[in-house]
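# Analysis of the macromolecular model
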There are 2 protein chains.
Amino acid sequence: MSFGSGLSATTSVVLLLLIASLSFLPLSALAAEPKLRFGSNGEFKILQVADMHFADGKSTPCLDVLPSQVKGCSDLNTSAFIHRMILAEKPNLIVFTGDNIYGPDATDAAKSLNAAFAPAIASNIPWAAVLGNHDQESTLSREGVMKHIVGLKNTLSQVNPPEAKSIDGFGNYNLEVGGVKGSSFENKSALNLYFLDSGDYSTVPSIPGYGWIKASQQFWFERTSSKLKQAYVSKPQPQKGLAPGLAYFHIPLPEYARFDESNFIGVKMEKGISSASVNSGFFSTMVGAGDVKAVFTGHDHLNDFCGKLADIHLCYAGGFGYHAYGKAGWSRRARVVVATLEKLEEGGWGGIKSIRTWKRLDDQRLTTIDSQELWSS
Amino acid sequence: MSFGSGLSATTSVVLLLLIASLSFLPLSALAAEPKLRFGSNGEFKILQVADMHFADGKSTPCLDVLPSQVKGCSDLNTSAFIHRMILAEKPNLIVFTGDNIYGPDATDAAKSLNAAFAPAIASNIPWAAVLGNHDQESTLSREGVMKHIVGLKNTLSQVNPPEAKSIDGFGNYNLEVGGVKGSSFENKSALNLYFLDSGDYSTVPSIPGYGWIKASQQFWFERTSSKLKQAYVSKPQPQKGLAPGLAYFHIPLPEYARFDESNFIGVKMEKGISSASVNSGFFSTMVGAGDVKAVFTGHDHLNDFCGKLADIHLCYAGGFGYHAYGKAGWSRRARVVVATLEKLEEGGWGGIKSIRTWKRLDDQRLTTIDSQELWSS
């Protein structure tokens, strides 16, 4: 193998060694034109869809609905709910936080994925997805599911970041949300979104239960956060402080168990928090990084609260899908997050002023509940 | 800058980019001749010295000793205890697990460090040290303390691994213990030792208390563990499974709080476990890696137990130093660990058969207590 006629053998070996071992490439420079950007109203809105549990579509029945709702209820009700939410909220991004399909009941994983994401694709709104613990339980592996997702239209999902090849899991990536076009934040990411694969099940015999976010993923997160902070305060238009971040993944962190009715908004109807049985430290890693203001997971369909711990809100979206377990008479629901930029006195827009959230119920009026502020500058 | 007269500009740029970004260099191949090796008796013995709290030597008084012991008691008693332990146990390695000096009372950090490690240096036995939370509270920074330690005689301590330049803390490194000379394990590390900087205090305002092992350190640990596993099963003389590992650092993990008298050997006299107030996940990272069989910390001088959780023993050494808080009438103590190789039927030595531990008290007979097996093949 040769890198050029004039290259010495020693240099070639050095190059080969370097290239072969390069599991962490340099983090790429910010894209000249971000794929996501705050709107001219100074807002960026995210719709979170947790636990669709999509299977075979029309032939897949609904679980845990009222007797009067059973007939004719199927995965299509899940699709209809996404469609209605999109019309009602007109989000800038749709995030699917795993268990997008319910593998054991999905005859063909690719077809189920196509159908599950179809309403998002049809809306022409950018969307992103991560994996839950059930996505790989059909005909595709976790890697296969994530690769299939990445190939779908309008998605910003990535299998994994190009700069972190030795990372655990599939579906770890970040997205930057540029400031309003023409503002001083035009070339800055004013909001940083982190997507992580929280795994499926423990592969360690002595540790039962669900998977967790590994050191390699946390190290990638730390480096990415650090790079984004650096870019934020750098020329052109250097800013002070750091841009807020939001993290999306499937399985809640053990710290979600720290709340009770006195210190969260929403409900906690499940007996426990179905986190991993070990604490892999991602909460402390995020607190250390300092930019993430809120975490959004799914997994526990009957918990939909947001609680604040050490300056980070830990939020559930609540169950969305009709083929997912739920509670009859307790509406399926979705979480909305909106970040609002500061309107400058001299005109134009600054950095983020506040981040708010609410949920919408899949009832006739898509009732809004539990509106709350997550962060303000 | 040029890498050779025949090297193209493009290749040079690629090389430069690669080198500049290389915060994780390729892990080096195993040293041809390990610095540590099992003895011809098939044993490798480690003496752990926790919390010397050395200050100014003879003028620094002892804390928490019996009234009859106060007079003439100083840091020199700590030195004498090290000296006696070395004579009694003849260890192959001495490990100091932090709070080697007690910064607030050490007039000159370098002098205190020199004096604290003097008995180890004089013994000509290799030694290694990590930092506690008090080492940097004198005239040197954490980096300064670690750099000073690395410059001392006979130490195998390292400031940080050359392949992980962006790692948090100072004093993260690993040491390999080669098999018996002339055996099939001659060029294998039969026992892997990991040393980590568990930090001093949280730098995050919303998190009070002690520091913790960060994602960058855990990622380095994972990669090192993975490299060592690979080397173990590779030619020449490929072995099955993986060599056991032991981890040494200062601050106990939150998982140390999982034990009570029913499931540990030793004592727990402190009200709580003085771990960080967040769980940074190193326990789950170690369980995931699978090679570490026991963890050895200090920090809580009045706890000296070993308990087993998910196949990993979590052990304290108990307080060693006389200028450290303790309990009058409760002897200062040290922990010994010995790994024993399997004697092969055809002669010679195999991999590790068992790892045992005990403690010695600083009484007249250096009484041995709490002998227990930590692991067996």
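Scroll up for the structure.
Residues numbered from 1 in each chain as written. Chains lettered and ligands numbered in written order. Predicted model: local features only at pLDDT ≥ 70, side-chain atom pairs only at ≥ 80, totals over all residues. Heavy atoms only, no water.

### Looking at unusual backbone geometry
Keep this limit in mind: Secondary structure elements follow DSSP: runs of H or I no shorter than four residues count as helices, runs of E no shorter than two count as strands, and numbering proceeds from the N terminus. Each residue is assigned to one of three classes by its accessible area relative to the maximum for its type, calculated with a 1.4 Å probe on protein chains only: buried under 20%, partly exposed between the two thresholds, exposed over 50%.
Across the junction of Lys-235 of chain A and Pro-236 of chain A, the peptide omega takes the value -5°, indicating a cis bond. Tracing the backbone shows Pro-236 of chain A in the loop between α6 (215–233) and β7 (245–248). Phi at His-299 of chain A is positive, roughly 85°, even though this residue is not glycine. Relative to the helices and strands, His-299 of chain A is located in the loop between β9 (292–297) and β10 (306–309). According to the relative accessible area criterion, His-299 of chain A is buried, its value standing at 6%. The phi dihedral of Lys-90 of chain B is positive, around 45°, even though this residue is not glycine. With respect to the helices, strands and loops of the structure, Lys-90 of chain B is situated in the loop between α3 (75–89) and β3 (93–97). A relative accessible area of 61% places Lys-90 of chain B in the exposed class.

### Brief notes about the pattern of salt bridges
Close approach of charged atoms lets side chains of opposite charge pair. Residue and element names in this part refer to chain A. So the rule is basically this: What counts as a salt bridge is simple: a side-chain nitrogen of Lys or Arg found within 4 Å of a carboxyl oxygen of Asp or Glu.
Within this structure, the stated rule accounts for 22 salt bridges over all chains. With a shortest N-O distance of 3.9 Å, Glu-186 and Lys-181 are connected by a salt bridge. A single salt-bridge network, built from bridges that share partners, covers Asp-304, Arg-333, Lys-359 and Asp-370.

### Here's the deal with helix α7 (residues 282–289) of chain A
For an α-helix the count is 3.6 residues per turn, leaving residues at separations of three or four pointing the same way. Stated formally: We call two residues contacting when some pair of their heavy atoms lies within 4.5 Å.
The element α7 of chain A is largely enclosed, with a buried count of seven among its eight residues. Listing the buried residues of α7 of chain A in full gives Phe-282, Phe-283, Ser-284, Thr-285, Met-286, Val-287 and Ala-289 of chain A. On its buried side, α7 of chain A packs onto α6, β7, β9, β10 and β11 (312–316) of chain A together with α6 (215–233) of chain B.

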